[in-house]
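Each chain, written out:
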Amino acid sequence: MNKARHTDLARNLAEGIAGGRFPVGSLLPTEFELCDRYGASRYTVRKALDELQELGLISRRKNVGTRVEASRPTPGFTQSIATVDELAQFGATHVRLVRDVQEIVADLALAKELGCPGGTRWLRISSQRMDGGKKSRPIGWTDVYIDASYTDVPALVRESPQELISSLIERHYGRRIACIQQEVNAMSLPRELAEPMMAEAGSPALKIVRRYLDSSDVPFEISVSVHPADRFTFSMQMNRSRE
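Every value quoted in this text rests on a predicted model; they were computed, and no experiment measured them.

### Concerning the overall build of the protein
Reasoning step 1: From N to C terminus, the protein includes eight helices and eight strands.
Reasoning step 2: The proportion of buried residues among the 243 residues of the protein is 44%.
Reasoning step 3: Surface summary for the protein: the accessible area is close to 13300 Å², and the carbon and sulfur share equals 49%.

So, in structure tokens, the structure goes:
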């Protein structure tokens, strides 16, 4: 498969999983092995793996590999997100730099933004996302609000800067994500973020609020990310479920 597009590669791998070539519980070949096997670029391989992960077919863990989780896609609509610099691989290629950790009580303004009752206690983890280069501009700023009882999560976050906080919570507390609600809004970059984002205050920006709900529809994590407009592109693809 020379210069395979990621959709073609994803389809080929999905067929291999469904047919038993890659059994549930086994590890897929590494990214470099897939590049060599299919004559594809690393970008193409990563995008293909993104599609499989969004379908619930695989999971990826640092120092473990890509594990086959299911032989058939999870029913429902799927969503893909990408930025200028492969934001689909955001966790793996964009380093999280934790800047502040505080236990806070949501005032009315914050409660409205988060969609929670006023007075709710949260542990807020504030961080920058970098593209890996020390002199590069930050991709964005994220305030993650988690259950205040998860006091050991900040240490885990610092130990695993490439892993999503929601994944850490799932693994260490067993509180699984049943639904993610997402809102995307245009905004002007706040003055307090101008310096850490190396951007001009008031310049165009994009704000993404994600609420991670458990099976009881209770949010255990809410993230508010702000991205300068020239460093982030939001895209979504919806596929009809196959029953």
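### Looking at the packing of helix α2 (residues 31-38) against helix α3 (residues 42-54)
Angle between the axes and distance between the axes: these two values describe a pair of packed helices.
Reasoning step 1: For the pair α2 and α3, the least separation of the axes is 9 Å and the interaxial angle reads 110°. Looking at the two axes, α2 sits roughly perpendicular to α3. Regarding α2 and α3, the two cross each other, and that crossing is right-handed. Taking contact as the criterion, the partners of Glu31, Phe32, Leu34 and Cys35 in α2 are, on α3, Arg42, Val45, Arg46 and Leu49.
Reasoning step 2: Across the contact of α2 with α3, the residue classes tally to five nonpolar, no polar and three charged.

### Thoughts on the nonpolar core
For soluble globular proteins, nonpolar side chains are generally found buried alongside one another.
Reasoning step 1: One finds Leu13, Ile17, Val45, Leu49, Leu52 and Ile58 to be the most contacted residues of the largest nonpolar core, which totals 17 residues.
Reasoning step 2: Going through the elements one at a time, α1 (6-18), α2 and α3 are the ones with two or more residues in this core.
Reasoning step 3: For Val45, the contacting residues outside a window of four places in its chain are Leu9, Glu31, Leu34, Cys35 and Ala40.
Reasoning step 4: Of all hydrophobic cores here, the second largest spans 14 residues; its members include Leu123, Ile125, Ile146 and Tyr150.

### So, the sheet that holds strand β4 (residues 121-130)
Reasoning step 1: With antiparallel pairing, the six strands of this open sheet are ordered in space as β3-β4-β5-β8-β7-β6. Bordering the open sheet on either side are β3 (95-105) and β6 (179-188), each of which pairs with just one other strand. On average, each strand axis in the sheet is tilted by 15° relative to the strand beside it, whichever way the strands run.
Reasoning step 2: One ladder, built from nine bridges, connects strand β7 (residues 204-213) with strand β8 (residues 219-228); its direction is antiparallel. Considered in β8, the bridge of Lys207 is made with Val226.

### Thoughts on the confidence of the model for the protein
Reasoning step 1: When pLDDT is averaged along the protein, the result is 82, and 83% of the positions lie at 70 or above.
Reasoning step 2: When the elements of the protein are averaged for pLDDT, helix α4 (residues 90-93) gives the smallest value, 49, and strand β5 (residues 140-147) the largest, 94.
Reasoning step 3: Here residues 75-92 scores under 50 on pLDDT; set against residues more than four positions off or in separate chains, the count is 64 contacts.

### Considerations on the pairing of β7
The side chains of a regular strand alternate, residue by residue, between the two faces of the sheet.
Reasoning step 1: Counted residue by residue, β7 has nine buried out of 10 residues, so it is predominantly covered.
Reasoning step 2: Counting the residues in the hairpin turn of β7 and β8 gives five residues, including Asp217, whose phi is positive at 65°.

### Description of the side chain of Asp143
Reasoning step 1: By the secondary structure assignment, Asp143 is in strand β5.
Reasoning step 2: The side chain of Asp143 sits in the buried core without any salt bridge; Arg124 is the nearest counter-charge, 4.6 Å away.
Reasoning step 3: In this structure the side chain of Asp143 is engaged in a polar contact, spanning 2.5 Å, whose partner is the side chain of Ser126.
Reasoning step 4: In this view, Asp143 contacts Arg124, Ile125, Ser126, Ile222, Ser223 and Val224; residues no more than four positions away in its chain are not counted.

### A short note on α1
Reasoning step 1: For α1, with 13 residues, the first-to-last C-alpha span of 18 Å sits near the 18 Å given by 1.5 Å per residue.
Reasoning step 2: Among the residues of α1, those classed as buried are Leu9, Ala10, Leu13, Gly16 and Ile17. End-on, the buried residues of α1 take up no more than an arc of 125°, which puts them together on one face.
Reasoning step 3: Looking at the buried positions of α1, the neighbouring elements they touch are α2, α3, β1 (58-61) and β2 (65-68).
Reasoning step 4: Positioned one or two residues after α1, Gly20 has a phi angle of 90°, which is positive.

About the criteria used
Residues numbered from 1 in each chain as written. Predicted model: local features only at pLDDT ≥ 70, side-chain atom pairs only at ≥ 80, totals over all residues. Heavy atoms only, no water. Helix = DSSP H or I, 4+ residues; strand = E, 2+ residues; numbered from the N terminus. Buried < 20%, exposed > 50% of the residue type's maximum accessible area, 1.4 Å probe, protein only. Areas by Shrake-Rupley, 256 points an atom, 1.4 Å probe, with all protein chains shown as cover. Axes fitted to C-alpha atoms, helices over the stretch in contact; angles between N-to-C directions. Parallel < 35°, antiparallel > 145°, perpendicular 65-115°, else oblique. Left-handed = near helix turned anticlockwise from the far one by under 90°. Contact = heavy atoms within 4.5 Å. Nonpolar A, V, L, I, M, F, W, Y, C, P; charged D, E, K, R; others polar. Core = buried A, V, L, I, M, F, W, Y, C linked by side-chain atoms within 4.5 Å. Pairing = 2+ DSSP bridges. pLDDT = per-residue confidence, 0-100. Lys, Arg positive; Asp, Glu negative; His and termini not counted. Salt bridge = Lys/Arg side-chain N within 4 Å of Asp/Glu carboxyl O. Polar contact = N/O pair within 3.5 Å; in protein donor to acceptor, adjacent residues only side chain to side chain. Expected span 1.5 Å × (residues − 1). Arc of directions from axis to C-beta.

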